[in-house]
Amino acid sequence: MKRLPFTLLVLLLCISPSLWAVDIYVSPHGSDANEGSVNQPLATISAALRKARTMRRLNNIDLSGGIHIILQNGLYVLQQTIVIRPEDAGSALSPTFIEAAPGAHPVISGGIKISQWKKLETKVQGLSPAANGHVYMSDWPGTIPPVRELWVNGEKAVCAKSSNGDSMQRILNWDKATASCWIPTPQFAALQQQQKMEMFIHQWWAIAILRIKQMVVHGDSTQLFFKEPESTIQNEHPWPAPWLSKETGNSAFYLTNALPFLDEPGEWYIDETAHKIYYWPGKGEDMVTATVTAPVLETLIEVKGTADHPVHHLFVSGIEFSYTGWLRPSQKGHVPHQAGMYMTEAYTLNPPGTPLKKTLDNQAWVGRPAAAVLLNYADNTAFLNCRFTHLASTALDAAKGTHYTVIKGNVFSDIGGTAILAGPYSDAATEIHLPYQPKDEREVCDSLIISNNFITNATNEDWSCVGIGLGYTRNSLVTHNEVENVSYTGISMGWGWNDVVGAMHNNRILANYIHHYGKHNYDCSGIYTLSAQPGSEIAYNVVDSIYKAPYAHLLSHWFYLYADEGSSGFRVHDNWTPSEKYLQNANGPNNVWANNGAAVNRTIKDAAGLEQGFDQLSLQRTSPYIHQPINYEHAEVIELVASQTATVNITELKALLVEQQMDSGAVYQWQNHYVIFDTVKDVLVLKGKLKKAFPGVQVKWYPDLFYHFSRKYCSDTVTAREWDHVILTCNLVADEKKQKEYLQYHATQFQQWPEISKGFCNADFQQLLIFKNGRQLILVISIPKGETLDHLNPKTTENNPRVNDWNKLMGQYQEGIEGTKKGEVWVLLKKV
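One structure accompanies this document, and this report is about it. The structure presented is a predicted model; accordingly, all values stated were derived computationally and were not measured.

Tallying secondary structure elements over the protein gives 12 helices and 62 strands in all. Over its C-alpha atoms the protein spans a radius of gyration of 29 Å, differing by no more than 12% from the 28 Å that the globule rule assigns to 832 residues. Within the span of the protein, comprising 832 residues, buried residues form 59% of the whole. Relative to all contacts within the protein whose residues are 6 or more apart in sequence, the contacts with residues 24 or more apart total 77%. Here the protein displays about 34700 Å² of accessible surface, and carbon together with sulfur accounts for 50% of that area. Taking the average location of the 68 positive side-chain charges in the protein and that of its 80 negative ones, the two points are 2 Å from each other.

Under the counting rule described, the total for this entry stands at 33 aromatic pairs. Seen in terms of ring centroids, Trp-117 and Tyr-279 are 6.4 Å apart; in terms of plane orientation they differ by 65°. Their pairing is edge-to-face. In this pair, Trp-117 sits in the loop between strand S7 (111–113) and strand S8 (118–119) while Tyr-279 sits in strand S21 (residues 276–279), placing the two residues 162 residues apart along the sequence. For Trp-117, a relative accessible area of 9% translates into the label buried. Note on Tyr-279: relative accessible area 2%, which makes it buried. Geometrically, the ring pair formed by Tyr-436 and Tyr-472 is stacked, given 4.4 Å between the ring centres and 20° between the ring planes. Of the two residues, Tyr-436 sits in the loop between strand S34 (420–422) and strand S35 (445–446) while Tyr-472 sits in the loop between strand S38 (468–470) and strand S39 (473–474), which places them 36 residues apart along the sequence. Accessibility expressed as a relative area gives 10% for Tyr-436, which makes it buried. You can call Tyr-472 buried: its relative accessible area is 4%. The structure contains a cluster of three or more aromatic residues connected by ring pairs, namely Phe-706, Tyr-742, Tyr-745, Trp-753, Trp-806 and Tyr-813. The ring centre of Tyr-342 lies 3.7 Å from the NZ or CZ of Arg-328, which sits over that ring. Across the ring face of Trp-558, the terminal group of Lys-581 is positioned such that the distance to the ring centre comes to 4.7 Å.

Here helix H8 (residues 736–747) crosses helix H12 (residues 801–811) at 155°, and the two axes come no closer than 11 Å. In terms of orientation, H8 lies roughly antiparallel with respect to H12. Together, Tyr-742, Tyr-745 and His-746 of H8 and Trp-806, Leu-809 and Met-810 of H12 make up the contact between the two elements. Looking at side-chain class alone, the contact of H8 with H12 contains 5 nonpolar, 1 polar and no charged residues.

Another point: the nonpolar core. Residues Ile-108, Phe-321, Phe-388 and Leu-690 are the most contacted members of the largest nonpolar core, which totals 103 residues. Ranked by the residues each element gives to this core, the list is headed by helix H2 (residues 45–58), at 6 residues. Discounting chain neighbours no more than four positions away, the residues touching Leu-690 are Ile-638, Leu-640, Leu-653, Leu-656, Ile-676 and Val-699. Of all hydrophobic cores here, the second largest spans 52 residues; its members include Phe-261, Tyr-278, Ala-503 and Tyr-528.

Note: most residues except glycine have negative phi, and most peptide bonds are trans. Of the consecutive residues Trp-239 and Pro-240, the connecting peptide bond is found in the cis state with omega at -15°. Secondary-structure assignment places Pro-240 in the loop between helix H3 (230–236) and strand S19 (252–256). Following Asn-350, the chain continues to Pro-351 via a peptide bond in cis, the omega torsion being 5°. Within the element layout of this structure, Pro-351 appears in the loop between strand S27 (341–348) and strand S28 (362–367).

Next up on the list: helix H6 (residues 650–659). Taken together, the buried positions of H6 are occupied by Leu-653, Leu-656 and Leu-657. Down the axis of H6, the buried set is contained in an arc of 100°. They therefore lie on one face. What points out from H6, more than 90 degrees from its buried face, is the exposed set Thr-651, Val-658 and Glu-659. Buried positions along H6 lie against strand S54 (667–670), strand S55 (673–678) and helix H7 (683–693). Backbone geometry just after H6 places Gln-661 at a positive phi near 60°.

On to the pairing of S54. Direction of pairing for S54 relative to S55: antiparallel, over a ladder of 4 bridges. From the neighbouring strand, Trp-670 faces S55, where its bridge partner is His-673. Hairpin connection of S54 to S55: 2 residues between the antiparallel strands, including Gln-671 at a positive phi of 50°. Note: S54 against strand S62 (residues 827–831), 2 bridges, orientation antiparallel. Considered in S62, the bridge of Gln-669 is made with Lys-830.

Turning to the sheet that holds strand S20 (residues 267–271), a few remarks are in order. The sheet built from 5 strands is open, its strands ordered S8-S9-S21-S20-S12 with mixed pairing. Among the strands making up the open sheet, the edge pair consists of S8 and strand S12 (158–159). Judged from the 4 bridges that link them, S20 and S21 form a sheet pairing that is antiparallel. In the strand pairing of S21, Ile-270 is matched with Ile-277.

Counted under the stated rule, the structure contains 1 disulfide. Each sulfur in the disulfide pair Cys-714 and Cys-761 lies 2.0 Å from the other. Its S-S torsion of approximately -90° makes the covalent link between Cys-714 and Cys-761 left-handed. With Cys-714 in the loop between strand S57 (704–710) and strand S58 (723–732) and Cys-761 in helix H10 (residues 754–762), this residue pair connects regions lying 47 residues apart in the sequence. Here Cys-714 matches Cys-761 in class, with each residue buried. Cysteine Cys-181 shares no disulfide, and the gap to the nearest cysteine sulfur, in Cys-159, comes to 19 Å. Classification of Cys-181 by relative accessible area gives buried; the value is 0%.

This brings us to empty space enclosed by the protein. In the structure shown here, the tally under the stated rule is 5 cavities of 30 Å³ or more. Estimates place the volume of the largest cavity at around 90 Å³. Considering the residues around the largest cavity, the lining is formed by 16 residues, among which Ser-556, His-557, Lys-581, Glu-636 and Val-680 are closest to the centre. Split by residue class, the lining of the largest cavity holds 7 nonpolar, 4 polar and 5 charged. The volume enclosed by the second largest cavity comes to roughly 70 Å³. What lines the second largest cavity is a set of 13 residues, among which Tyr-436, Tyr-472, Asn-498, Val-500 and Met-504 lie closest to the centre. Looking at the lining of the second largest cavity residue by residue, the class counts come to 9 nonpolar, 4 polar and no charged.

Conventions adopted
Residues numbered from 1 in each chain as written. Predicted model: local features only at pLDDT ≥ 70, side-chain atom pairs only at ≥ 80, totals over all residues. Heavy atoms only, no water. Helix = DSSP H or I, 4+ residues; strand = E, 2+ residues; numbered from the N terminus. Rg over C-alpha atoms; globule rule 2.2 N^0.38 Å. Buried < 20%, exposed > 50% of the residue type's maximum accessible area, 1.4 Å probe, protein only. Contact = heavy atoms within 4.5 Å. Areas by Shrake-Rupley, 256 points an atom, 1.4 Å probe, with all protein chains shown as cover. Lys, Arg positive; Asp, Glu negative; His and termini not counted. Charge placed at Lys NZ, Arg CZ, Asp CG, Glu CD. Phe/Tyr/Trp six-rings, centres within 6.5 Å; stacked < 30°, edge-to-face > 60°. Lys NZ or Arg CZ within 6 Å of the ring centre and 35° of its normal. Axes fitted to C-alpha atoms, helices over the stretch in contact; angles between N-to-C directions. Parallel < 35°, antiparallel > 145°, perpendicular 65-115°, else oblique. Nonpolar A, V, L, I, M, F, W, Y, C, P; charged D, E, K, R; others polar. Core = buried A, V, L, I, M, F, W, Y, C linked by side-chain atoms within 4.5 Å. Arc of directions from axis to C-beta. Pairing = 2+ DSSP bridges. Disulfide = S-S within 2.5 Å. 1 Å grid on protein atoms, 1.4 Å probe; cavity = no way out; pocket = protein on both sides within 12 Å on 5 of 7 lines; lining within 4 Å. Points joined across faces, edges and corners; volume = space filled by probe spheres on them.

So this is what it looks like as structure tokens:
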């Protein structure tokens, strides 16, 4: 295992001026004509770098203590990216420091202020009537391209969109033959005249942003066509594709960037032709005093070395980086494959197969998103105790050829993409499934340390991004970070989807705390890996509290730990998770999993996350303000419906369950209906195997668990050690209004009808679950082993007449499934 050079360790521990250090001071109130002293500071960081470069070039003074570029308090607004070149590099004995002055809070910003807001008094064509009297207007600088983000008093505003709040609609269909998408016709006027409108669509583990070329209205449905290059990519790539499912609903979407959508507080829109910007203030916002910031730069600082001449011995500390934009979706759309890497070409292989992988069904080439701070070919560098906030894409990216880089003690908050990205992914010319083993190994990222960083509210624009993402790296350590409130995966490591041993090895993910993840996208996990990484380790981490994503393609397809295709050479041990909901998908050899789950020693759980001295950073958590339910592992319901021509062989069914490491006794039957109730590693895989084993049999998954009673609602919360399950089924009536009423009653039952849960407690019910697929319901009542429902159920109504009232009320919403007798509603499925 490679170690950090002793000189770097010493410098990181003692970043303080020596007797011979040279100080160059910078202040927003200074002048580049000044000498750069504390009393006569320079005005720009670029001028300070130039002065330091001249000192190193002339070498006519003692620089043995390094050069300290010291930023005094204030806002440093950049007109262009600061580029740090090999000529700015320090050395082991004479590093270059860019740091905050003692007690100062310097902010490097890529934003401009939009001021002189006036309340809109005249009618603007296309503006929603709902906005009349609420909207303010200002001039948009004609020399600046329109932006995709706007912050008001430090809070990100919303570009006007078709769905209010956090709601989204569902697409009707995706038509590959015409490369178009069908949606419900939007109820807005004059949309077909909008030239810059976009579609934001959720699909599997990613999203896509598609610029709309044409809208064709067909009554209550509308056909959308898209601009190139994204139209071809979106239509041809198979993974991830638009999701079409009767069980869980089609892909969710909204339309955005059109004036008619500006219809609620907090929304804004730029009219490029008229050079005007419109905004509907949120509650308590005064546009006379509000600070409105628009980002005009994508990258604030670029550390730009080469393989032969890297930038080295550069240390940045105590600085805030804020207000950067993300322009590519406005120029070429955005169709990411995974982890925010956007596809430049992608298609299905027909027939499938490559020399490396005979079953591979797709090809893709990707690009890398913009970053606020970008490092290429940088050795012995560090970013310490900095703050990254209000950034539209990646925050900090150690992209290629970075060695011995330390990222420690930083806060990442309000990040549109990935907070910390490191290591090459596939180069633009390299297909993503090919192994990575460059001839010039200097481009491999090596010996990175990412520790004690706090990441919150990241991935809030591109939901396919991650908290911390490592591509191809080796000898790297990710430790004692806290990642929370992210849209997808917490920490992702690896790329390539194959088990060929390449440049990756000896990477470690240790003692991190990941929680409140999967806010929008599933097929995710707290920690995720890809491909061969011999000698790598995932240990002592805590993963907890995945959000219940409102538009997930598969409601149970999430995990605490997820080793995806080709993952090999890993030791995965002593990780605390609430349950063992893990997935090992198409893994390679030499993986060892041991002692993971809720039984992990408490001391390990307590030690994960930020260490002492950094733990105060977690006071900035945003998850407490997100009112979104938490998901948990539960048994799934899958039903097989046989017919006269397609039957179910019980013996074969039980053997298949054993093969899937499931309980062969978890099968219940009523007539031609067979219900499986058990925990499932991967519902999609199980459904596929069931359909293959029993051709012609209808296989139904019940993804919607909409009601869950447990003993936590009882005064006696103790549960029985062993349970039996009673399975019943019926239909909701066909009236959609009544269906909604039924669901609403159950959503508020614990608050409005507490007597019902009291009855369940009295009857010693351990849990009561109701699953839904279409109109059909599956009711699961879990009781202590050896008891019967006939014995326990009467206890629900003892001295509790409200239970009878409830049952009578619910009767109007329920009816029997096909095959029941007249008047029969709930039918019992018996264990087989």
